[in-house]
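Working through the structure, step by step
Spelled out, the chains give:
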Amino acid sequence: MSKDLIAIIGVGISLAGLILYSQHNLRAEMLDLREETRTEFRAVRSEMNTGFNKHLEAINRLREDVSQLQERVARQEGLMEGLRDAIIGSRELVAGPG
């Protein structure tokens, strides 16, 4: 074997080793980034769920408040109708029949 051929084979082996080493490091870095991304997505999902649950609780409280307000308004309407009937009824009693 000539010195040139040995040098070419040596350079080829060196380049192959360098390429394999680079690919191994690149793969490890990609796996780390993938895990980091998954962790960040989990954190964001958790924050979104927490925010969603808070908004859902606020909506439920608002519904309860509106329901209570409807009941109070209905009660007031009933009292007003009773008062109106009492006033109209007492006028008819004072004025007498026709």
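Here, the structure is the one placed above.
Since we're looking at a predicted model, the values are computed, not measured.

This part takes up the overall build of the chain. A count of helices and strands for the chain gives one helix and zero strands. On the chain, roughly 9300 Å² of surface is accessible, and the fraction owed to carbon and sulfur atoms is 61%.

Right, let's get into a negative patch on the surface. On the surface, a cluster of negative charge is contributed by Glu29, Asp32, Glu36 and Glu40. Mapped onto the secondary structure, Glu40 falls in helix α1 (residues 3–95). Take Glu40: its relative accessible area is 47%, and that puts it in the partly exposed class.

A contiguous nonpolar surface patch, about 540 Å² in accessible area, is contributed by Met1, Leu5, Ile6, Ile9 and Ile13. By the secondary structure assignment, Ile9 is in helix α1.

By the secondary structure assignment, Arg63 is in helix α1. Between the C-alpha atom of Arg63 and that of Leu26, which follows or precedes it by 37 residues, the distance is 54 Å.

This next bit is on the pattern of salt bridges. Overall, the coordinates contain two salt bridges when judged by the stated rule. The residue Arg42 makes a salt bridge to Glu35 at a minimum N-O spacing of 3.8 Å. Residue classification places Arg42 among the partly exposed residues on the basis of a relative accessible area of 47%. Since its relative accessible area comes to 38%, Glu35 is described here as partly exposed. Here Asp85 ties to Arg84 by a salt bridge, and the two come within 3.6 Å at their closest N and O atoms.

Quick notes on the rules
Residues numbered from 1 in each chain as written. Predicted model: local features only at pLDDT ≥ 70, side-chain atom pairs only at ≥ 80, totals over all residues. Heavy atoms only, no water. Helix = DSSP H or I, 4+ residues; strand = E, 2+ residues; numbered from the N terminus. Areas by Shrake-Rupley, 256 points an atom, 1.4 Å probe, with all protein chains shown as cover. Patch = residues over 30% accessible without salt bridge, like charges linked within 9 Å, V, L, I, M, F, W, Y side chains within 5 Å. Salt bridge = Lys/Arg side-chain N within 4 Å of Asp/Glu carboxyl O. Lys, Arg positive; Asp, Glu negative; His and termini not counted. Charge placed at Lys NZ, Arg CZ, Asp CG, Glu CD. Buried < 20%, exposed > 50% of the residue type's maximum accessible area, 1.4 Å probe, protein only.

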